Amino acid sequence: MPEESLGIRPLNRQSTPAPPARDELEESRRRQLIEVTIDSLAEVGYVGSTLAQIASRAGVSPGLVAHYFSDKDGLLAASFRTLARRVGQRVRARLAQAATARGRIQAVIDANLAPEEFDQRTGSAWLAFWGQVLHAEGLKRVQKVYQVRTLSNLRHALKRLVPAHEAHSLAAMIAAMIDGVWLRAALSNWQEADSEGARALLTAFVDGRLREYALPDRAGAGTGAGAGTGGGAGADNGNGTGTAPSATPSFYAARKPAAATTITSINPATGATLAQLAVDGPAQVDAAVGRALEAQRLWAAMTGAARARVLRRAAELLRARNRELAELETRDTGKPIQETIAVDVASGADCLEYFAGLAASLAGEHLDLGPGAFGYTRREPLGVVAGIGAWNYPLQIACWKAAPALACGNAMLFKPAEVTPLSAIALAEVLREAGLPDGVFQVVQGYADTGRLLTRHPQIRKVSLTGEVGTGKAVMADAAATLKHVTLELGGKSPLIVFDDASLDNAVSGALLANFYSAGEVCSNGTRVFVQRRIKAEFTQRLQARAAAMRVGDPMDPNTQVGALISEAHMEKVLGYIARGRAEGAQLLVGGHRVSTGDLANGFFVAPTVFDGCQDDMAIAREEIFGPVMTLLTFDDEDEVVARANATEFGLAAGVFTHDLTRAHRVIARLQAGTCWINNYNVTPVELPFGGVKMSGLGRENGRAAIEHYSQLKSVYVAMGDVDAPY
Ligand code: NDP
């Protein structure tokens, strides 16, 4: 239809700018009212800032203000959000520029204490809001989001610099200091400190705290601290010359380039670069989700039996490529080939095969509701789900997440840990070769930022993480915004209890498996070994002899029993714990040092380490070290050991060695752990659900239980007669 006939004049289109669209006008009016509110708060405070007063300042009617914000609370919450968003944007911009973990901490400090925040107008408005946070629900929510974000940014950076448990308290301290310094300055009417002074104060505080971690008793550097001092019985590779660990692991800084556009995968046994990969950002993740959404519809429409065939073929292909993939995993993780060739690939294949077996039998149930109706349930996939992996069992973790997800008809985006990015790519190839449609399993690469893109993505329905407790909390908080299903496989500090009637040699084998497999980098490790007093001396003697004889060496050598730790920074953390154990008075029986002789000089090797004479409150007996460090503890009776074993925030695993099976079951029933062993340790057949309680996680992997976590139920009521309505 010609425009003239609509009464629209076709002239002057190009010379007269088009009037702003209605939405734009509304938005600009909202923004104007928020700015006026901030002015008002700065001048007359919270109580004085009434709707009428703000309307008159803005030259509009109170009704119009109410139209946009409902009431005063709505207007003030929107204004508070604006202030918080501005700081948030500044933080993000500075974080993007920061090249190191220390730089990221500074970014948070600098953005929060920037001159703009000390400006009289902004500062007074903030102050007015802080005073009301306790009384106004809307403000409380904004403040909470702002606080959680600040803490999360700080924690994430600090985790690169200090042990994880310290990162939490130090982040809280820095956040409190930022608030405190700002508040004092505001209350003194900006006399007590300006932006520059406040930032200098915080910078000095953070540097001071980080320096403390470089001191011998905190970080394990230097003489007497156990790193390269030659103390201890030593493993057969002897003692390395030792290098002093530094507080700021340059390794991480070097690994994460300024713009964080690439990942460099390094062989931790040699320091050699294995590969460089591009980091996936928002655009790539969005595109991958788009592909997954489309592919998932096709995959879910296939029968369970057809999906099973693909998974079974993938299991066969993994087994056929066992050696090649084991070697890849050994190079990427530093784990000995004698482990990866026997366990890592095989356990991934077992998992694919097991869930292939379940895929065809997934079903709901029929419910008889009397003669007039029946009901049934349908077990349906969730949609697109995300898996985020840790670095200790990269291929196994990818399979443990992918197999149940795919069996249920989901599509998965998987992000491996940035230090071990390679085997997930191989798994994607294997799945494709097995006939998995494109887009159903995709690997995204990147650092935690990429992980966050997954956990926050509105079209991803579930996230399954294997990682540290702190990461688990962050993931769960992020997933909450879109109410995602969450499975968390987190850390532990598990007890292994040896009663005096146990087979001593079996118990010693169990303790060695529970501590030194994968150089101690196993989440379920039984690092608190409680031994009953009567057999303690004999147990210790046999353990000491076998631990000291373990072979540390080149992971590619089939005779090597203990390979490299994942990174230099992680090795420094482990050596730091060894130093703390010695400083706290534990008796070093075996190991306790870096191994850097000969070909191992450029790798990150630590000798299997056993401490005796440990107390429950020592750091080495409380905190997850994730390295080859065993603590021996003595106990007298059953009630005592159960209480001590449970006295931890973790609850991943536990083990009991005894010939008295009644006692074994009684004790296991009382232990707070998700996965338990009687007369063995760290055996994880795919048939048994695996996971933790307390702070060690939520949900289960493996076994039929995993199906619950990758599917949802739909209930259907079917009427067989007329509808009985009372009206
Ligand atoms: P992390 O928690 O540091 O990292 C785990 C994964 O989460 C990595 O891919 C990491 O990316 C990513 N990530 C980190 N921060 C975030 C975030 N805020 N949002 C989304 N993703 C994020 O664990 P590690 O890799 O250091 O693994 C060791 C830990 O894993 C130990 O605590 C161990 O006990 C636990 N673990 C638990 C197991 C279990 O089944 N219970 C099994 C194996 C390990 P990036 O690496 O790029 O930072």
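Everything here concerns the structure above.
Residues numbered from 1 in each chain as written. Predicted model: local features only at pLDDT ≥ 70, side-chain atom pairs only at ≥ 80, totals over all residues. Heavy atoms only, no water.

**Student:** Help me understand the packing of helix H14 (residues 304-320) against helix H18 (residues 422-433) in this model?
**Tutor:** The relative placement of two packed helices comes down to the angle between their axes together with the axis-to-axis distance. Orientation of H14 relative to H18, taken along the N-to-C sense of each, is 125°, at an axis distance of 8 Å. Classified by the angle between their axes, H14 and H18 sit oblique to one another. Seen from above, H14 lies across H18 with right-handed handedness. Where H14 abuts H18, its residues Val310, Ala314, Leu317 and Leu318 lie against Leu427, Val430, Leu431 and Glu433. (Axes fitted to C-alpha atoms, helices over the stretch in contact; angles between N-to-C directions. Helix = DSSP H or I, 4+ residues; strand = E, 2+ residues; numbered from the N terminus. Parallel < 35°, antiparallel > 145°, perpendicular 65-115°, else oblique. Left-handed = near helix turned anticlockwise from the far one by under 90°. Contact = heavy atoms within 4.5 Å.)

**Student:** Would you explain the site of the ligand in this entry?
**Tutor:** By nearness alone, 31 residues border the ligand, and Glu418, Thr471, Leu490, Cys523 and Glu624 come closest of all. The contact in question runs from an oxygen atom of the ligand to an N or O atom on the side chain of Glu489, over 3.4 Å. Interatomic distance of 2.5 Å between a side-chain N/O atom of Glu624 and an oxygen atom of the ligand. Burial of the ligand by the surrounding chains reaches 95%, relative to a free accessible area of 910 Å². For the shell around the ligand, the elements supplying multiple residues, two or more each, are helix H19 (448-455), strand E8 (462-466) and helix H20 (469-480). Classifying every residue of the shell around the ligand gives 15 nonpolar, nine polar and seven charged. (Near = heavy atom within 4 Å. Polar contact = N/O pair within 3.5 Å; in protein donor to acceptor, adjacent residues only side chain to side chain. Areas by Shrake-Rupley, 256 points an atom, 1.4 Å probe, with all protein chains shown as cover. Nonpolar A, V, L, I, M, F, W, Y, C, P; charged D, E, K, R; others polar.)

**Student:** What is the right way to look at the sheet that holds strand E17 (residues 653-657) in this model?
**Tutor:** Strand pairing in a sheet is mediated by backbone hydrogen bonds. Such pairs are either parallel or antiparallel. Here seven strands make up an open sheet; going across it, the order is E12-E15-E16-E11-E10-E17-E18 and the pairing mixed. Of all strands in the sheet, those with a lone pairing partner are strand E12 (587-590) and strand E18 (675-678), marking the two edges. Ignoring strand direction, the axes of neighbouring strands in this sheet form an average angle of 20°. By the bridge criterion, three bridges tie strand E10 (residues 495-498) to E17 in an arrangement that is parallel. Its bridge partner lying in E17, Val498 is registered against Phe657. Taken strand by strand, helix H21 (residues 504-516) contacts E10, strand E11 (528-532), strand E15 (609-612), strand E16 (629-635) and E17, and its axis lies near 135° from that of E16. Strands E12, E15 and E16 of the sheet are contacted by helix H23 (residues 568-583), whose axis makes an angle of about 20° with E15. (Pairing = 2+ DSSP bridges.)

**Student:** Help me understand the side chain of Gln445, please; the structure alone is not making it clear to me.
**Tutor:** Among the secondary structure elements, Gln445 is positioned in the loop between strand E7 (441-443) and H19. From its side chain, Gln445 meets the backbone oxygen of Pro421 in a polar contact 3.0 Å long. Setting aside its immediate chain neighbours within four residues, Gln445 contacts Ile263, Leu277, Ala278, Val279, Asp280, Pro416, Pro421, Ile425 and Thr450.

**Student:** Can you help me understand the packing of aromatic side chains in this one?
**Tutor:** The relation between two aromatic rings is expressed through the spacing of the ring centres and the mutual angle of the planes. One pass over the structure, following the stated rule, counts 14 aromatic pairs. Each ring, one from Phe80 and one from Trp130, has its centre 5.9 Å from the other, and the planes form 85°; the classification is edge-to-face. With a gap of 50 residues between them, Phe80 in helix H4 (residues 72-97) and Trp130 in helix H7 (residues 120-132) connect regions that are remote in the sequence. Ring centres of Phe414 and Phe441 lie 6.4 Å apart, and the angle between their planes is 25°; on these two criteria the pair is classed as stacked. Of this pair, Phe414 sits in strand E6 (residues 411-415) while Phe441 sits in strand E7, and the two are 27 residues apart along the sequence. No difference in accessibility class separates Phe414 from Phe441, as the two residues are buried. The ring of Phe499 carries Arg663 above its face, with NZ or CZ at 4.0 Å from the centroid. (Phe/Tyr/Trp six-rings, centres within 6.5 Å; stacked < 30°, edge-to-face > 60°. Buried < 20%, exposed > 50% of the residue type's maximum accessible area, 1.4 Å probe, protein only. Lys NZ or Arg CZ within 6 Å of the ring centre and 35° of its normal.)

**Student:** In this structure, what is going on with the state of the cysteines? I would like to understand it.
**Tutor:** In protein chemistry, a disulfide is the covalent bond that joins the sulfur atoms of two cysteines. Applying the stated criterion across every chain yields a total of zero disulfides. No disulfide involves Cys351; its sulfur sits 6.6 Å from the nearest other cysteine sulfur, which is in Cys399. (Disulfide = S-S within 2.5 Å.)

**Student:** What am I meant to see in the sheet that holds strand E4 (residues 373-381) here?
**Tutor:** Pairing in this open sheet of three strands is antiparallel, and the strands run E3-E4-E20 from one edge to the other. Two strands lie at the open edges of the sheet, namely strand E3 (366-368) and strand E20 (711-719), each paired on one side alone. On average, each strand axis in the sheet is inclined to that of its neighbour by 20°, with strand direction left out of account. Two elements, E3 and E4, share three bridges in a ladder whose sense is antiparallel. Bridge pairing in E4 places Asp368 opposite Phe374.

**Student:** Would you mind showing me how to read the pairing of E11 here?
**Tutor:** Side-chain positions along a regular strand alternate between the two faces of the sheet. In terms of burial, E11 is largely enclosed, as five of its five residues are buried. A two-sided burial pattern is seen for E11, the buried positions comprising Arg528, Phe530 and Gln532 on one face and Val529 and Val531 on the other. Across four bridges, E10 lies against E11 in parallel orientation. Within E11, the position partnered with Leu496 by the bridge is Val529. Between E10 and its parallel partner E11, the chain crosses via H21, and the hand of that crossover is right-handed. Summarising the sheet, E11 and E16 pair through five bridges and their orientation is parallel. Each residue of the ladder has a partner; that of Arg528, found in E16, is Thr631. (Right-handed = clockwise from strand over helix to strand, strands pointing away.)

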